[in-house]
Amino acid sequence: MRRADIAIIAFVTAVLLGGLGLIAWQSAGAAQSTLLPALERKALGVSRSIASLADEAVGYGIPVDEIVGAEAVLQSALDENREFAFALIEGTDGQLVAVAARSAFADPAARSTDAASSISAPILLGDVEVGRVVIGVPRQVAETLIRDLWIDVLVLLLVAVLIALELTAFAFALSASRRLTGLARRLAAVRAGDFRPHDAVGGTGALAEGIASVDEEVARVRQTHAALTRRAQETGDRESEIALAALDRRHGLTALRSDPPVTLVAVRAPVFLFFFAEEMTRPFLPTFIARQATPVFGLSIELVIALPIVVFMAIVALSQPWLNTLTERVGRGRGMHVGAVLAAFGYIGTAFAETYAGVVGFRALTAVGFAAVFVAAQGFIVDRTEAGLRARGIGIFVSAIMAAMLCGPPIGGILSDRLGDTTAFTICAVMALLAALTAIVALPSDRKGQADTATRSVRLSDFVALLRVPLMAALILGCALPAKMLLIGLCFYLLPLALASQFEPAAIGRVLMLYGLAMLVVVPLISRLSDGAGRRVPFVIAGGLLSATAVGHLWIWPEPWGAALTVLQIGVGQGLSTTPQSALVGEIGRRLAPHLSEGGIYGVFRLVERLGTALGPLFVAAVWTMYSQTAAVWSTALLVALGSAIFGLLWWWPNTRTVAERGAN
Amino acid sequence: MRALSLSLLAVLLPLLAAALLLAAYLNYASVRTTYLSLVSDRLDASARRVAADAQTALSLGLPLAGQSALIRAAEREVAADAVVGRVDVVGQDGIILFSSAPSAVGEPTQAFTLLGFVEAPVVSPFGTLDGVVTASADGAFVAATLHDVFWRLASGAMAVVLICGTIIALSVIFVVRVLVGRLTRTQTTARGARLPQDAVTMVEAVDAAHRTIEEKLALRTSTLEGAADAKG
């Protein structure tokens, strides 16, 4: 089955590569036949202009080979027209008078090859030709043009392959494919010697018969094993008991399966598509708001631009507790459909908003839809997994978001660049609607009262109780909060705005995708590495310090490399700290705030984290207004570094560590 | 099997089409931008040449409004380059003084086409701005060129989408068929049960291990029974 997935994806990748190659080849041909004549006409125009200057000089009686400053004029023509290979003036006998050439055409032999076509205009004294101005046009102009697009096309290929991965998994998770998936899973398990039973899959046909025969055979083998174990115990045959136990360990003959149900995978595609829509807005949203921004409430322009982002994040943070209850009541699937449709309206409204207030209002509507989808999708997983499997279930959800964070910004940037912000927002709306459609098609209908997962909302008393514990306060307020402030304030607010003055949204999108890339690579790696309790704290502190120092790149490297390295390092830093930080919250909370439920502790933690996403742009904009952009960047980074340092100090403070470690172990 | 193939094709084919068409559009947009930039450069060169003629005459003391020879200069530029649709010499008040299109004289200046419009200042020897020379692209010519490129790329891209789509469709159907065939291929086990082939080896291996233990247990049971009989 896995091999079938891989075969399909490999095939799609190969066909896409071939298709993109064909399109590039065909475009090069079309570009060549359109641009080369146009460029030759332009060269003729420029050569005529230079020739008319020379005409004047010759008219004053200056011989062609004695015109002063001819090379400077030719060089200036070359500087103004980066497509030209060379420009020269020659006598009627072909003798070179002056020349300016690109390095590839500095050698006279190179100028006489087929690499460039020569366009000339005569220098006239009356009606007599006394010399020529010649301009060389490289013949590979179209190839150069198409080559300039290769980054965009590569990004497109990468994103298409990642989407294909998601959608193939989605197709295999549909109810139509469940029997095939079910049989494939069973056979893969048995082939690997795993005889734990699977959840029943009904139906008729060859696949259903195959499933039934495997299930019956597994059940028979397990029964035989149980009977033999009983006999061995009854007869007191120790040697057989040991052999049976070894067989059990190898084949799971008495164990039960604890995989997340297949239906959980169905939530990936809607989540991916929906988050993809929102992530697409990252590279161009701040500049889009900036264009619509008008003075409000006496706020500075920086705060006015930040406001819609702050409002969005605040709504997402604050509406989640009651949306959780609401989506539980109306059904998680329905919550996702409604949320995605609301967000689609929000994107369309933002696209066509003519006033700043309209932008803020429609972004707020998008935020409500976003929060509803987020909460409903998370609730869908929580409802269908037992406590022991919840982390793996949530992993499916988180990895879909990270894949969207990788794919969304570069595509959003390209769309904004080539089609404009309005079209890009409209495409975001289409993606949100597609997410709703895939949720309708793929998610099983909501079953009322299916699981007792009702979680009470976070109370103020939980906050107070938790933040009274210094170590917990340092972890939540010192590490989690500033980390999100840095991410949203710097990466998704300040950097797109700052880069927009020099670069197009496509380039900004490529910079922002590095965060998703780093997270996608680092998070799974660190989840395994940091599992040892003792290693979590160093990872949290190292992650914080790495994120904080990332901003230094902005002053070391020229843009966009400085911004790219900053975003990448923040991604690596947050990838290092995210999972261990989350695990530490539970561990420290259990020991140092035992009177609070785990749900309450995580509720406070998540809420503070999300408030950080709202506070980030607000803080950055406020410092930017009061002092400078530099002060805004460094003060946010300083918050992150100080928070991590304080948490580290408190952790390694002898008494605290002993108490907390006892809890962690 | 058919349902799975259709589901896979329903998600993969639109994705393939979207990726290829977007790539084709990126290429077209790039060619279009470059072409319009070349058009703009050519218009700029034409406008500057006429402006240079006007400035030469100004330096000889001939006011801009009196330089009727500029009509010929403007007509020459339009005749010399098919992309140049119109060249106007505009006074300080924004009224067209001379033009390659005679009917435009006396009218206020405006962009002739959105596909290309440039201005070159006419500066007197004393540094004052006496007027501008505007050059507009021949909108129909430029649009026809771009239209031609668009359809060439669009038809090519559609062909590529069709070819790639067919390849993907055939390969998905093939992969699913092979997968289903492999999964449903059955074999009879030593015990006589029909089981998917992939499961047989491991089931028989565990059965064999169980049989070995069972034989050992049977032997031990018979030994114990024998011992009990002997005691009895």
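Residues numbered from 1 in each chain as written. Chains lettered and ligands numbered in written order. Predicted model: local features only at pLDDT ≥ 70, side-chain atom pairs only at ≥ 80, totals over all residues.

A. Quick look at the overall build of chain B. Scanning chain B from N- to C-terminus turns up 4 helices and 6 strands. Secondary structure elements of chain B, listed N to C terminal, follow the sequence α-α-β-β-β-β-α-β-β-α. Relative to its length of 232 residues, chain B is extended, with a C-alpha radius of gyration of 42 Å against a globular reference of 17 Å. Oriented by its inertia axes, the alpha-carbon framework of chain B measures out at about 145 × 35 × 25 Å. (Helix = DSSP H or I, 4+ residues; strand = E, 2+ residues; numbered from the N terminus. Rg over C-alpha atoms; globule rule 2.2 N^0.38 Å.)

B. Quick look at the overall build of chain A. Of the regular secondary structure elements, chain A holds 24 helices and 4 strands. Taken over the C-alpha atoms alone, chain A extends approximately 120 × 65 × 50 Å along its principal axes. Among the 665 residues that make up chain A, the fraction classed as buried is 52%. (Buried ≥ 20, exposed ≤ 12 C-beta atoms within 10 Å, placed from the backbone.)

C. Here's a closer look at the confidence of the model for chain A. The share of residues in chain A with pLDDT of 70 or more is 90%, and the mean pLDDT across the chain is 84. At the level of individual helices and strands, chain A shows its lowest average pLDDT in helix 24 (residues 654-664) of chain A, which scores 56, and its highest in helix 12 (residues 332-352) of chain A, which scores 93. (pLDDT = per-residue confidence, 0-100.)

D. Structural view of the packing of helix 1 (residues 2-59) of chain B against helix 2 (residues 69-80) of chain B. Residues and elements named next belong to chain B. Taken N-terminus to C-terminus, the directions of helix 1 and helix 2 make an angle of 160 degrees; their axes are 10 Å apart at the nearest point. Between helix 1 and helix 2, the angle falls in the class roughly antiparallel. Pair helix 1 / helix 2 crosses with right-handed handedness. Packed against helix 1, whose contacting residues are Ser46, Arg49, Val50, Asp53 and Ala54, the element helix 2 presents Leu70, Ala73, Ala74 and Glu77 at the interface. Split by residue class, the contact of helix 1 with helix 2 holds 5 nonpolar, 1 polar and 3 charged. (Axes fitted to C-alpha atoms, helices over the stretch in contact; angles between N-to-C directions. Parallel < 35°, antiparallel > 145°, perpendicular 65-115°, else oblique. Left-handed = near helix turned anticlockwise from the far one by under 90°. Contact = placed C-beta atoms within 7 Å. Nonpolar A, V, L, I, M, F, W, Y, C, P; charged D, E, K, R; others polar.)

E. Representation of the interface of chain B and chain A within the structure. Contact residues are listed per partner, giving 65 residues for chain B and 72 residues for chain A. Going through the elements one at a time, helix 1, helix 3 (139-184), strand 6 (194-196) and helix 4 (197-231) of chain B are the ones with two or more residues in the side of chain B that touches chain A. Broken down by element, the residue count for the side of chain B that touches chain A peaks at 27 residues, all from helix 1 of chain B. Class assignment of the residues belonging to the side of chain B that touches chain A gives a composition of 43 nonpolar, 11 polar and 11 charged.

F. How the structure looks around the sheet that holds strand 3 (residues 117-123) of chain B. All names here are of chain B. Sheet architecture is open: 4 strands sit in the order 2-1-4-3, paired in antiparallel fashion. Among the strands making up the open sheet, the edge pair consists of strand 2 (96-99) and strand 3. Neighbouring strand axes in the sheet, compared pairwise and without regard to direction, differ in orientation by 25 degrees on average. Here strand 1 (residues 84-91) pairs with strand 2 via 3 bridges, running antiparallel. In the sheet register, valine 90 faces strand 2, and the bridge partner there is isoleucine 96. Packing of helix 2 onto the sheet brings it into contact with strand 1 and strand 2, and relative to strand 1 it is tilted by some 155 degrees. (Pairing = 2+ DSSP bridges.)

G. Highlighting the packing of helix 11 (residues 301-330) of chain A against helix 22 (residues 598-626) of chain A. Residues and elements named next belong to chain A. Between helix 11 and helix 22, whose axes approach to 8 Å, the crossing angle comes to 175 degrees. Regarding the angle of helix 11 to helix 22, the classification is roughly antiparallel. On helix 22, the residues that touch Glu302, Leu303, Ala306, Ile309, Val310, Met313, Ala314, Val316 and Ala317 of helix 11 are Leu607, Arg610, Leu611, Thr613, Ala614, Pro617, Leu618, Ala621, Ala622, Trp624 and Thr625. In terms of residue class, the contact of helix 11 with helix 22 is built from 16 nonpolar, 2 polar and 2 charged.

H. Up close: the sheet that holds strand 3 (residues 116-125) of chain A. All names here are of chain A. Strand order in this open sheet of 4 strands is 2-1-4-3, and the pairing throughout is antiparallel. Taken across any chain shown, the strands that pair with only one partner, and hence form the sheet edges, are strand 2 (96-101) and strand 3. The mean angle between the axes of side-by-side strands here comes to 15 degrees, regardless of whether they run parallel or antiparallel. Pairing of strand 1 (residues 86-91) with strand 2 involves 5 bridges; the strand directions are antiparallel. The residue bridging glutamate 90 from the neighbouring strand is leucine 96, located in strand 2.

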